[in-house]
Amino acid sequence: MKTVLSGIQPSGRPHLGNYFGAIRQHIGLQERSDLRGYYFIADYHALTSSREPALLREAVRDVALTYLALGLDPSRAVLFRQSDVKEVCELSWLLSCVTGMGLLERAHSYKDKLAKGLKPNVGLFTYPILMAADILAYDSDLVPVGKDQIQHVEMTQDMAASFNALYGEVFRRPEPLVPDEAHLAKVPGLDGEKMSKSYGNDVWIFESGKELKKRVNSVATDSRPPEEPKDPAGIVLVQLLELFLDAAELAQWKERIRVGGAGAPGYGHLKQRLVEAMEARFADARARRDEYLRHPAEVDAILARGAEEARARAAATRDRALAACGLR
Ligand code: ADP
Ligand code: TRP
């Protein structure tokens, strides 16, 4: 049985890009009987930038609720909080002692943040070591990540190789699992750019009612009249509808847009259809989320059970690593 592991940063309410680009794949993997999934809320990592305890607490809760609402089944996958497994901090130290400064200095995500003028703390610099500890602690085989995180998994491979070269085969080599381009949904935001929390163009997965209408109404459109024939591929609303409609219905909408004339839908129609489709797609998940909100102790219990399973594995790896390098 192979181990799949991924960490999710608790940074605000998860949006449609997070769902179609990551969460859906994570939850989908639980159908595979040859894999066991470990998904954790990367709250230690969040501390490299979070300075708001109440917000962080809420964001952590939100990730747990989101995964459970969208169908993560705690009997088939392990859901836990990173900070419930202190063994990763111990492993992180052991790895830091075999990692060259140069390796960390080459990290794109670190360099990007410096370029943006962020004043880095040490945690931000050593972030990839903590991530390597997360991955190696559970003997992970596969690590589902977005493109921006591939380099961090490769750095993990390097750290594991350095440690193993010195002390013997302690860590298992992980591989990044990146969805192929065809399955990689790049979800546009309200302005047509990539949907991202940091651009403020995102739509919360569970948005509904008036708020959802308001968000969808602000999707970027132009002033071309409905009758004018258009290339559907260039319309943000169509790109969003692609995520929700079945192929037959989608083809019909696109054809009517392409042909134009009296039968062509206006942007208002597309917006209305998008709102309906989103409401319907996430209706069950929304209900499940409400149910978990009413029973917070159940969520706590799921996270506690997840932490227990995760810790048992991480402790075994930690013991192996300590013994190998001479600390036992
Ligand atoms: P954000 O840009 O909102 O901060 P993150 O960088 O935290 O999002 O992304 C978390 C996960 O969601 C990553 O796996 C990332 O690839 C995926 N993701 C984020 N935005 C999108 C998007 N617009 N389209 C597809 N996937 C996305
Ligand atoms: N760095 C990842 C992100 O920003 C989150 C993360 C932390 C992670 N530890 C991990 C992802 C281990 C995969 C495996 O999205």
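Source: prediction; values computed, not measured.

What counts as what
- Residues numbered from 1 in each chain as written.
- Chains lettered and ligands numbered in written order.
- Predicted model: local features only at pLDDT ≥ 70, side-chain atom pairs only at ≥ 80, totals over all residues.
- Heavy atoms only, no water.
- Disulfide = S-S within 2.5 Å.
- Domains from an automatic or database assignment.
- Contact = heavy atoms within 4.5 Å.
- Buried area = accessible area lost by both parts, 1.4 Å probe.
- Salt bridge = Lys/Arg side-chain N within 4 Å of Asp/Glu carboxyl O.
- Near = heavy atom within 4 Å.
- Polar contact = N/O pair within 3.5 Å; in protein donor to acceptor, adjacent residues only side chain to side chain.
- Areas by Shrake-Rupley, 256 points an atom, 1.4 Å probe, with all protein chains shown as cover.
- Helix = DSSP H or I, 4+ residues; strand = E, 2+ residues; numbered from the N terminus.
- Nonpolar A, V, L, I, M, F, W, Y, C, P; charged D, E, K, R; others polar.
- Buried < 20%, exposed > 50% of the residue type's maximum accessible area, 1.4 Å probe, protein only.
- Expected span 1.5 Å × (residues − 1).
- Bend = angle between axes of the 7 residues up to and from the residue.
- 1 Å grid on protein atoms, 1.4 Å probe; cavity = no way out; pocket = protein on both sides within 12 Å on 5 of 7 lines; lining within 4 Å.
- Points joined across faces, edges and corners; volume = space filled by probe spheres on them.

## Quick look at the state of the cysteines
Going through the model one piece at a time under the given rule, you end up with 0 disulfides. Considering cysteine sulfurs only, C97 is the nearest to C89, which forms no disulfide, with 14 Å between them. Considering cysteine sulfurs only, C325 is the nearest to C97, which forms no disulfide, with 8.4 Å between them.

## What about the domain arrangement of the chain?
When the parts of a complex come together, some accessible area is lost, and that lost area is often taken as the interface size. When its domains are assigned, the chain resolves into domain 1 (2-185 + 296-324) and domain 2 (207-281). Centre-to-centre, using C-alpha coordinates, domain 1 lies 37 Å away from domain 2. Between domain 1 and domain 2, the contact holds 5 residues from the first and 4 residues from the second. Buried surface at the junction of domain 1 and domain 2, both sides included, amounts to about 360 Å², of which 81% is carbon and sulfur. Scanning the region where domain 1 abuts domain 2 turns up 0 salt bridges.

## Observations concerning the site of ligand 2
Around ligand 2 sit 14 residues in total, of which G7, H45, Y127, D134 and Q149 are the nearest. Side-chain polar atom of Q9 to an oxygen atom of ligand 2: 3.3 Å apart, as the coordinates give it. Interatomic distance of 2.8 Å between a side-chain N/O atom of Y127 and a nitrogen atom of ligand 2. Summarising the interface, the protein chains cover 89% of the accessible area of ligand 2, which totals 370 Å² for the free molecule. Of all elements in the fold, only strand 1 (2-8) and helix 7 (122-137) reach the threshold of two or more residues within the shell around ligand 2. Broken down by element, the residue count for the shell around ligand 2 peaks at 4 residues, all from helix 7. Grouping the amino acids of the shell around ligand 2 by side-chain chemistry returns 8 nonpolar, 5 polar and 1 charged.

## A word on the pattern of salt bridges
Evaluated as defined, the whole model comprises 23 salt bridges. A salt bridge links D300 to R61; the shortest N-O distance between them is 2.7 Å. With D300 in helix 14 (residues 296-325) and R61 in helix 3 (residues 53-69), this pair connects stretches of sequence that are 239 residues apart. Since its relative accessible area comes to 39%, D300 is described here as partly exposed. With a shortest N-O distance of 3.0 Å, R76 and D73 are connected by a salt bridge.

## Some points on helix 7
Look at helix 7: 22 Å from first C-alpha to last across 16 residues, which is about the 22 Å you get at 1.5 Å a residue. The axis of helix 7 is deflected most strongly, by about 40°, at P128. Counting buried residues in helix 7 gives 13 out of 16 residues, a clear majority hidden from the surface. Measuring from the backbone nitrogen of G123 back to the side-chain oxygen at the start of helix 7 gives 3.2 Å, which picks out N121 as the cap. Following helix 7 by one or two positions, D139 has its phi on the positive side, about 50°.

## Some points on empty space enclosed by the protein
In the structure shown here, the tally under the stated rule is 2 cavities of 30 Å³ or more. Roughly 40 Å³ of internal volume is contained in the largest cavity. Lining the largest cavity, in full, are L16, L190, M195, V203, V216, V219, L240, F244, L274 and M278. Tallied by class, residues from the lining of the largest cavity come to 10 nonpolar, no polar and no charged. One number sums up the size of the second largest cavity: a volume of about 40 Å³. Forming the walls of the second largest cavity are V4, H26, L29, Q30, L35, R36, G37, Y39, R76 and A77.

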